[in-house]
Amino acid sequence: MDIKAQLSMILNLDKCIGCHTCTVTCKNMWTNRKGAEYMWWNNVETKPGTGFPKKWEDQDKYKGGWDVTSDGLRLRLGGKFGMLAKIFYNPDQPKMENYYEPWTYEYEHLIDAAESKTQPTARAISQVTGKHMEIKSGPNWDDDLGGSDKYASADPNLSEEEQRLMMEFESVFMFHLPRLCNHCSNPACVASCPSGAIYKREDDGVVLIDQEKCKSWRYCVSACPYKKVYYNWNTSKSEKCIFCYPRIENGQPTICSQSCAGKIRSIGVLLVDMDRFAEVMTVADADLMEAYESCILDPNDKDVIRQAKKAGINDEWLKAASKSPAYAYIKELGLALPLHPEYRTFPSVFYVPPLSPVTAGAEAHAGLPDSDMMKIPLTLLAKLFSAGNTEPVREIQNKLTDVRKYMREKRFGGDGAEKVLKDSAFSEEQIEKAYHLITQASLNERMVIPLSSHAESKDPYKRQGEVGFGVRGKKSWRQ
Amino acid sequence: MKTIKKPEWFQLIESNKERNWEELYRNRWQHDKIVRSTHGVNCTGSCSWNVYVKDGLVTGEIQATDYPQIGGDIPRLEPRGCARGASFSWYLYNPMRVKYPYIRGILLDLWENAKKKNSDPVAAWASIVENKNNRNAYVKSRGKGGFRRADREVVNEIIAASNIYTIKKYGPDRIIGFSPIPAMSQVSYAAGSRYLNLIGGVVMSFYDWYCDLPSASPQVWGEQTDVCESADWYNSGYTVVMGSNVSVTRTPDAHYLKESKHGGTKVVVLSPDFSTVSNTADLWVPVKKGEDGAFWMAVNHVILSEFYHKRKIPYFEEYARKFTDLPCLVVLEKDSTGFRGGKFLRASDVAESASEERAEWKTAVLDEKSGEIMFPKGSMGYRWAEKSTDKQKWRLEHICGVTGREFSPALSMLEGGERVHVSFDVFYGDKSTRKAVLREVPVKEVMINGEKRYAATVFDLLNGQLGVGRGLGGDYPESYKDTESYTPAWQEGITGVKAETVIQVAKEFAGNAEKTNGKSMIIIGAGVNHWFHSDLMYRSAIMGLLLTGSVGVNGGGLAHYVGQEKVAMISSWASIAMAADWQKPPRLQNTPSFWYMHSDQWRYEKSVFEYFDVPDKTKFQESHNADFSAKAVRLGWLPFYPSFRENPLTLAMRKDPVQSLVAKLKSGEMNFAVEEPDRTENHPRVWFIWRANALSSSAKGHEYFMKHVLGASNGLEAREVKKDLRTVSDKEPAPEGKIDLVVDINFRMDTSAMYSDIILPAATWYEKDDLNTTDMHSFVHPLQKAVPPLWESASDWDTFKGIAEKFSDLSALHFDGPVKDLVSVPLMHDTPDEVTQTSVKDWKYGETEPVPGKTMPKFVITERDYGMIYEKFVALGPNAGKQLGAHGVSWDSSEEYSELMSINGKITAAGEDCPSIKEASQAVNAILHMAPEGNGKVAERSFKALGANTGIDFSPLTKGSEKNNMSMEDIVIQPRRIHTSPCWSGIIDKGRPYAPYTINTEFGLPWRTMTGRQHFYLDHEWYQMAGEALPVYKENLAEDSLNETEEIDETAKGLKLNYHTPHGKWHIHSTYYDNLRMLTLSRGGQVIWLNNKDAEGHGIEDNDWVEVNNLNGTVVCRTVVSVRIPRGVCYIYHATERTINVPLSERTKERGGNHNSLTRVRLKPLAMVGGYGQFSYYFNYWGPIGVNRDTYVFVKKLNKVEF
């Protein structure tokens, strides 16, 4: 057993309202600068849809993630040898057209325009060429489109039947999918970096690209199946979501989590067994979810605690792990699944799949609807969250429905709570816990983030007076 | 399973040295300070934000998460805020930030020349505007660039000169100002309105103009709007959302809807498109656009059948008897076929009670035990009691105010009553074969003026109206399957919603209310409110709530969310904003009537009955909306400024000014300006715009504004039509460019700035101190300066102070001391004016005598000392230290006034010692300290005052809050929750969210309506004449009746669609629309949403450039094609700008327009009536609303894109 502490995020898609606040607050803080214009460390996609960059899930095209071979896992991108051969030409990397050409407008013209024949207008100009441009795509182009034969129809997840449903007004469906770096336990980006510039932090599992070491090979951009690594053309370094480590280290949630107006996000510590990950990497798709969950350890198990202490995880972290909302969602309640587990990077970000309105055929249903009446095809959700296995998704939808039915009886004058319990996969305790986490939990309960001090590993006595002066470069005060 | 070794690529780095680079991102996450502020206009979200400042730069913002909790099981509020708010910091430093004062270059040249010839600035201004060439030179160049940076001193001088010139030449009521929804930055709003009210200018309404005012709210409740805070959604057991896309438009609140679902609430969404909130529902009902009313008529049919007839629900019946007008008696009028509902039976109708004080305003019920007629306490006649014996009877009790006897009001006379046939009008189906239906209704015989008449209860009439037969004879439908009105099967043909769906929703909606004592809720918004017959649609839905006892209950009721707002501290704020601390009355204008006339939209339409369907239009004396508007002014129902062609300062100087004016009006020697709107003397002259995009987002009929108000290039293709006018003159040719000067105070170069003459740089919301409240939550929090006003910008408070100072200085040279001003004021709600006109009698037609304050407006003479404007501006005047109040409640305010002098410091103004409000933060203190919502001591005192009027003990409501008050400093530390107040109708307590009318239901306080109860029945004679006394279904306006598409030429025609402007995801109106962050996350410019099949049929693809037009104007934009949009409709999300990447129109060769280029207003005359109970004027409360959803457009591919 090799226990590590891993920060994990849960996104409850049933609460997501698709508002993009997470995207904007992240943008303001981290990528509002030259070279990062097109970077959206956090973005929100409408499903069905092709996302950002377009069709990122199409691994036949982009070759991200891992393949199972007879020798175990292998980067789809190819082995080190193959990669070296392509070192100056990487055909699998997304191009600007797969992202979009970032633009701005001739804003100042609105003020400066000389008297003219017609009203001045601020025309769009490219942030790449500085010239007038036609806007043909953007980072969120298919927002709220739902059925569209130009965009959503290219969603690689859709079956023929789902394509048909999507294109009829009565059966149109959609939901929102916020995405960020998954801070995977088996990160393809780390494996692909020829410079060894990408690493997973020992203490919290956050995956970072060392901005001093990065040599702009950009293999990480290709290798990441989620396309969450971006190349900064100004600094010639690759960059990605840093899980707001400057905030996290101080016990504050990531910006995207704190600003989430739907309150869909939770952050907590998971205690994971790295040895176990190595063991289960190649199981069949259908067993993947179960195997995956078996790598996550019970933080209140005495044996686990003892071993974790041995592995150097301190009390602050263990205490946080014992109250972890992530553990509650994933293991105790079994409500959360990773995105595309079949990529086998083992994400640390998990999603509660959404419920949806009933289909047109079930309009006149009585009471709260059951999961089999809902519009979003189960097969689509299964493709996204459980490698095509519909069982785990259906089970979660049933549990969520049970919580609703039980609470309706309790809160609005019914006497059927017992009956709901009898038929549910959930115990009363689990229902109450799920209800609490989803509706009642305070920010501090949703975000259980241990403090980091670095007191042991650095020279705090010296640093106390120096911290903050540091700037990068040789002439810095920092030695 | 094959196991592999842990891969070697697993770099787990702990080493310090290796990770030193991590400091890079840590250094970005640094700030010198965090400042609490928010976003101060337009959005009712009212979210507290932390603004990060580093090196004197605002680097970003994130929501504050430190609200005090409501408590109980109410989910946490925070983080409140959305993507739009999060992008605000972009506005501070972007390249179109208005950094300096700007003026149209031509105008500056004219001014400099004029100043060389005239040392007096007022004379200089006269030389420009009185010379046709000079005036045309700058007027015609509006909107075409050519701005020049100017000195603030110079532009302030121009502004002051234009104001003084206008006051002297025409009168102060030609100076107007527009700024919307004050609640979000209350002091900034008050800055302009205070200045205008001090000089006698006109403050323009917004809530009605935006079409956000639900007319049904005053009709049913006598209330502008009162809704629950969003936290109360959580308490609902069954929520129907209609016309409101809360995920997009109430983003920070939407989590409550989601959380309520997880707490067991069933959510039903009625929406013609599969919107984001439809996606949130258990059940999405794709009701046909604008047919929500038909759906609800059928729901109510089912509720009456199932819950009042087949079964009886004690809770429902008890509620109906006590809190609604259902038991009230209506006198029936005989007509050719049978009877029809007439007016309420009143004390004045019955011999024994005819001599009662205000007997015409005391309505009646029948005691079910004795069979006798009773006059319940609480009706409006008791509200305005003068005799001591009638006082303290304004309360809801089953006690007769005349006899003092207790009674039990009968809902129905079905048992044992007589029956007569009553005719009910029908407004659907083929017009030529339509006829009213005749249905039996139980009645009671009454003697009125010695004559035998019949009276029925509202409840029995309602059953007749809704077609619930209960075994009665006549044209009643036989079952739910019958397609007679208003069955589930009937609605299916109109709404497209299956009958069984309606039945299920109705049973569950009412069944839930039965189980929970009224925890059924409707969330409603612009999708319904923007239709011409929105009041009928709303009343149909409200009916469902009233029948199920769901109003005045936490978790129940109507939650109307469209641009609604809540200046929580309304009493103290209004005193400052309307300058009532110095003088009354203010000139407050209902904007829809104003611009309908002044932007000459009236000249382009024929009789209103072309599209307004009534049983017999000949019963109305007027047929054109211009005549209706004029009548409303003439009879004192609505305001209109300017009032007369003569200067009100001149009028006021006459001997016996009021009598002589009335005599001239009577003889016809003088007309109201509204009767001759296009005379040169009657034009509005100077227009201040602040916190607003008045020429774009707000300008329904944008191109009419461009042409007639501004005189700018425009895309208007409509032609004037021949009209049959009775009192309004269209003899003058329609003027172009009426306004002399448009002053815009702005931080961004929006469409309004583009077309203004002077732009003053405004401080952004992170650069000033102010106060923010909303009705979406019950907390108060501030705006604060995170950085100083950047470049040469200034806060609105300081900007208007500067103008006031210049104005005062210049006035000293032009006025010898104080002058008198004659102000016309309509009959006002919440005053005894509301019990003046028992019937409509027009003195102009000789039907009655013109009596100010009774049959016509009041004319009040007030004094203005123009040299003192600045002194008064910066001091809270002595009136604020006497009485403060709102909504008809007032209390002694002297104690807080003197306390405020020590809090804010003293200042001397007009010879009086006053609390200083020179700085915005001092004005915030004044607002907080003097109002019940901010000061518990005032809450206690004000409730005592209300108790004295009603005899009700309200003391439980203020217990524990007496010692709590708040100041600017307090709310900077943490948002604070307001106190329960008699100025509002809801109770606020620990664990209890604000829900409206809970004071009414729990303490027996009457609603401010005719009966004191919630109204199903509106007995004003015009409502009867229109067939709208009871809620009724009327079809939406026929496209061919609107003069918008039928005469458009063939070359412009394309795909014809109904045109909607729902609220968008990437902007709050036009704010954030031009923000690069939002433009990048959306489609980068103006787009029109189309259904895929509609688009395909016309060869239109996604992202194509198209031209969209009708006779009102032209838009050039791109398409978004999606299956989730229903066929036959297109959306341009409100609101766009014509400033961002808009090509030229192929058709007009002018720059393409914005969303409002395709609209114009259609006024509903019924919303103009006045002097009659809750149908009495108040600012933003009553008057026609700016509906524009019945419009049609053509969409056609653009051949060539040219900029």
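Reading guide: rules and limits
Residues numbered from 1 in each chain as written. Chains lettered and ligands numbered in written order. Predicted model: local features only at pLDDT ≥ 70, side-chain atom pairs only at ≥ 80, totals over all residues. Heavy atoms only, no water. Helix = DSSP H or I, 4+ residues; strand = E, 2+ residues; numbered from the N terminus. Rg over C-alpha atoms; globule rule 2.2 N^0.38 Å. Buried < 20%, exposed > 50% of the residue type's maximum accessible area, 1.4 Å probe, protein only. Contact = heavy atoms within 4.5 Å. Areas by Shrake-Rupley, 256 points an atom, 1.4 Å probe, with all protein chains shown as cover. Lys, Arg positive; Asp, Glu negative; His and termini not counted. Charge placed at Lys NZ, Arg CZ, Asp CG, Glu CD. 1 Å grid on protein atoms, 1.4 Å probe; cavity = no way out; pocket = protein on both sides within 12 Å on 5 of 7 lines; lining within 4 Å. Points joined across faces, edges and corners; volume = space filled by probe spheres on them. Expected span 1.5 Å × (residues − 1). Domains from an automatic or database assignment. Phe/Tyr/Trp six-rings, centres within 6.5 Å; stacked < 30°, edge-to-face > 60°. Salt bridge = Lys/Arg side-chain N within 4 Å of Asp/Glu carboxyl O.

Trainee: Could you give an account of the overall build of chain A, naming the residues involved and the relevant values?
Mentor: If you tally the helices and strands in chain A, you get 20 helices and 15 strands. Rg of the C-alpha trace for chain A: 24 Å, near the compact-globule value of 23 Å for 479 residues, within the 12% margin. Structurally, chain A occupies a C-alpha span of about 70 × 65 × 50 Å along its principal axes. Counting over 479 residues, chain A shows a buried share of 63%. Counted over contacts in chain A with a minimum sequence separation of 6, partners at least 24 positions apart contribute 69%.

Trainee: Go over the overall build of chain B, please, and point to the residues and values.
Mentor: When helices and strands are tallied, chain B shows 36 helices and 39 strands. Its C-alpha radius of gyration of 30 Å places chain B within 12% of the 33 Å reference for a compact globule of 1203 residues. For chain B, the C-alpha atoms occupy an extent of roughly 105 × 85 × 70 Å along the three principal directions. Here chain B displays about 33700 Å² of accessible surface, and carbon together with sulfur accounts for 47% of that area. Put simply, chain B has 143 plus and 151 minus side-chain charges, and the middle of one group is 2 Å from the middle of the other.

Trainee: Go over the layout of surface pockets, please, and point to the residues and values.
Mentor: Residues and elements named next belong to chain B. A volume near 1200 Å³ is recorded for the largest pocket. In terms of lining, the largest pocket is formed by 47 residues, of which the most central are Ala574, Lys584, Gly885, Ala886 and Tyr1178. At the level of elements, helix 20 (570-577), strand 28 (858-864), strand 29 (883-886) and strand 30 (889-892) are the ones that each hand at least two residues to the lining of the largest pocket. The leading source of residues in the lining of the largest pocket is helix 20, at five residues.

Trainee: So what's going on with helix 19 (residues 534-547) of chain B? Which residues, and what values?
Mentor: Residues and elements named next belong to chain B. Compared with the 20 Å implied by 1.5 Å per residue over 14 residues, the 20 Å span of helix 19 between its first and last C-alpha is a close match. Counting buried positions along helix 19 yields 14 of 14 residues, so the element is predominantly enclosed. Among the residues trailing helix 19, Gly549 stands out with phi positive, at a value near 60 degrees.

Trainee: So what's going on with the domain arrangement of chain B? Which residues, and what values?
Mentor: Partitioning chain B into domains gives domain 1 (102-149), domain 2 (215-290 + 499-560), domain 3 (321-483 + 1012-1026), domain 4 (878-1003) and domain 5 (1039-1197). The C-alpha centroid of domain 4 of chain B is placed 47 Å from the C-alpha centroid of domain 1 of chain B.

Trainee: Account for the packing of aromatic side chains, with residues named and values stated.
Mentor: Any two aromatic rings considered together are summarised by their centre-to-centre distance and by the angle between their planes. Residues and elements named next belong to chain B. If you walk through the whole model with that rule in mind, you get 95 aromatic pairs over all chains. An angle of 70 degrees between the planes, with centres 6.1 Å apart, marks the rings of Tyr189 and Phe206 as edge-to-face. With a gap of 17 residues between them, Tyr189 in helix 8 (residues 186-199) and Phe206 in the loop between strand 8 (202-204) and helix 9 (216-221) connect regions that are remote in the sequence. The pair formed by Tyr189 and Phe206 is uniform in burial state, with each residue classed as buried.

Trainee: Lay out the pattern of salt bridges in plain terms, naming residues and giving numbers.
Mentor: Tallied over the full model, the rule gives 123 salt bridges over all chains. Across the pair Glu368 of chain B and Arg321 of chain B runs a salt bridge, and its minimum N-O distance is 3.0 Å. Here Glu368 of chain B is found in the loop between strand 14 (365-366) and strand 15 (373-374), whereas its partner Arg321 of chain B is found in helix 13 (residues 314-323), with 47 residues between them in sequence. For Arg321 of chain B, a relative accessible area of 17% translates into the label buried. Its salt-bridge partner being Asp970 of chain B, residue Arg976 of chain B comes within 3.9 Å of it at the nearest N-O pair. According to the relative accessible area criterion, Arg976 of chain B is partly exposed, its value standing at 25%. Overall, Asp970 of chain B belongs to the partly exposed group, its relative accessible area being 24%. Here the residues in one salt-bridge network are Arg201, Asp203, Asp204 and Glu249 of chain A together with Arg19, Glu22 and Arg26 of chain B, joined through shared partners.

Trainee: Describe unusual backbone geometry, listing the residues and the values that go with them.
Mentor: Along the chain, Phe52 of chain A connects to Pro53 of chain A via a cis peptide bond; the corresponding omega equals -10 degrees. In this structure, Pro53 of chain A sits in the loop between strand 2 (43-47) and helix 2 (59-62). Cis geometry is found at the peptide bond from Lys584 of chain B to Pro585 of chain B, where omega equals -5 degrees. Note that Pro585 of chain B resides in the loop between helix 20 and strand 21 (587-589). With a phi close to 45 degrees, His340 of chain A is a non-glycine residue in the positive phi region. Note that His340 of chain A resides in the loop between strand 14 (337-338) and strand 15 (349-352). Located in the positive-phi region is Asn1180 of chain B, a residue other than glycine, with phi close to 65 degrees. Locating Asn1180 of chain B in the fold gives a position in the loop between strand 38 (1129-1131) and strand 39 (1192-1197). Take Asn1180 of chain B: its relative accessible area is 3%, and that puts it in the buried class.

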